[in-house]
Amino acid sequence: MAVSILSRGLGLFRLSRRTTALLSGSRCFSQTESEPLTVRQQQDGIRRIILNNPKKRNALSLSMLESLRENILTDVSSDDLRVIIISAKGPVFSSGHDLKELTSAQGRDYHTKVFHTCAEVMTLIQDIPVPVIAMVNGVATAAGCQLVASCDVAVVTEKSTFATPGVNVGLFCSTPAVAIGRAIPRKVAMEMLFTGTPISAHDALLHGLVSKVVPEERLEEETLSIAKRVCQASRPVVALGKATFQRQMAQGRDAAYATASKVMVDNLALTDGQEGIRAFIEKRKPMWSHKVEKAHD
């Protein structure tokens, strides 16, 4: 998805023609029109997207991926949206791809569409201008683990586990490895990929796959606490920071400093950048505009 760091960072998120066409034709429902694959709720700047197919272990079927994509992209550039939380109904956060869709009967073109759509969803999570938090209470395997690794923050319960077991069914988790290999040390990732052995929530925290491990009864409270803190900050400042972080992490040290230094100057030119500094000097709370406006050139 071709968007510049500044336009993406400042929330000027543009969809490619392919994404727009796919989004307009996506399906959000499963067995019946009253039973959506994902549920979207939004209040006070916080959007909740709930994977809602527990009978199929919230498998990331093509329809589920399309539904998730639509719920991520709907009004994503609106000032009213500040943060997204992705969670799931049932004891399994997500078991990954629906293997019934990956048989020879479906064919190569269908398989290609599944993996292209999955990659699009995972990159959207990192490219959109608002933070995305995974709220996990249970098992996340294969592409489900990839989904957790792709989110900006992940809050999980002590009973959550994470695995890439594709090797055990003859389908190496190569696409999950893209996100997981960028989140945890290489040798830990390779052991997960070669053996399919699950790791615990605390090991996932130790290796950097998740942000925080909490008791089950505190999961909602802890996740919402982070989301509400995000909502207290300026939307364009957060968006610019997220886009810059993603870009500089893919660069060498010197290029990263050059990128980050320039963006900090751009940040200072924002009205909200100057408002925050004035508020600090004047010992008061900042009054954010949440608008992409410049205080100076």
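Here the structure is shown first, and the text comes after it.
In this text, all values refer to a predicted model and were calculated from it rather than measured experimentally.

### Looking at the overall build of the protein
So, point 1. For the protein, the count of helices and strands is twelve helices and ten strands.
So, point 2. Taken over 297 residues, the protein has a buried fraction of 47%.
So, point 3. At a minimum sequence separation of 6, the contacts of the protein that also span at least 24 residues come to 70%.
So, point 4. With the model as given, the accessible surface of the protein reaches about 15,100 Å², and the carbon-plus-sulfur share is 55%.

### A closer look at the nonpolar core
So, point 1. In terms of nonpolar packing, the biggest core is built from 44 residues, with Ile84, Ile86, Phe162, Leu209 and Val210 touching the most fellow members.
So, point 2. Counting residues per element, this core draws most heavily on helix α5 (residues 143-150), at five residues.
So, point 3. In this structure, Val83, Ile133, Val155 and Val230 belong to the second largest nonpolar core, which totals eleven residues.

### A closer look at the sheet that holds strand β4 (residues 92-94)
So, point 1. Pairing is mixed across the open sheet formed by four strands, whose spatial order is β4-β6-β8-β9. Each edge of the open sheet is held by one strand with a lone partner, namely β4 and β9 (199-200).
So, point 2. Across two bridges, β4 lies against strand β6 (residues 139-141) in parallel orientation. Within β6, the residue paired with Ser94 across the bridge is Ala140.
So, point 3. Its contacts with the sheet place α5 against β4, β6 and β8 (161-163), and it is angled at close to 100° to β6.

### Observations regarding the packing of helix α3 (residues 62-73) against helix α4 (residues 108-127)
So, point 1. Running from N to C, α3 and α4 point in directions that differ by 30°, and their axes come no closer than 10 Å. Taken as axis vectors, α3 and α4 run roughly parallel relative to one another. The two elements α3 and α4 cross, and the hand of that crossing is left-handed. In this structure, α3 contributes Leu62, Leu65, Glu66, Leu68, Arg69, Ile72 and Leu73 to the contact, and α4 contributes Tyr110, Lys113, Val114, Thr117, Cys118, Glu120, Val121, Leu124 and Ile125.
So, point 2. Broken down by class, the residue content of the contact of α3 with α4 amounts to eleven nonpolar, one polar and four charged.

### Notes on the pattern of salt bridges
So, point 1. One pass over the full model with this rule turns up twelve salt bridges.
So, point 2. Among the salt bridges present, the one from Glu222 reaches Lys212, with a minimum N-O distance of 3.5 Å. With Glu222 in helix α9 (residues 219-231) and Lys212 in strand β10 (residues 212-214), the pair connects residues that are ten residues apart, well separated along the chain.
So, point 3. Across the pair Arg284 and Glu282 runs a salt bridge, and its minimum N-O distance is 2.7 Å.
So, point 4. Looking at Arg284, the relative accessible area reads 32%, which means it is partly exposed.
So, point 5. Each of Glu275, Arg278, Glu282 and Arg284 takes part in salt bridges that share partners, so that together they form one network.

Basis of the calculations
- Residues numbered from 1 in each chain as written.
- Predicted model: local features only at pLDDT ≥ 70, side-chain atom pairs only at ≥ 80, totals over all residues.
- Heavy atoms only, no water.
- Helix = DSSP H or I, 4+ residues; strand = E, 2+ residues; numbered from the N terminus.
- Buried < 20%, exposed > 50% of the residue type's maximum accessible area, 1.4 Å probe, protein only.
- Contact = heavy atoms within 4.5 Å.
- Areas by Shrake-Rupley, 256 points an atom, 1.4 Å probe, with all protein chains shown as cover.
- Core = buried A, V, L, I, M, F, W, Y, C linked by side-chain atoms within 4.5 Å.
- Pairing = 2+ DSSP bridges.
- Axes fitted to C-alpha atoms, helices over the stretch in contact; angles between N-to-C directions.
- Parallel < 35°, antiparallel > 145°, perpendicular 65-115°, else oblique.
- Left-handed = near helix turned anticlockwise from the far one by under 90°.
- Nonpolar A, V, L, I, M, F, W, Y, C, P; charged D, E, K, R; others polar.
- Salt bridge = Lys/Arg side-chain N within 4 Å of Asp/Glu carboxyl O.

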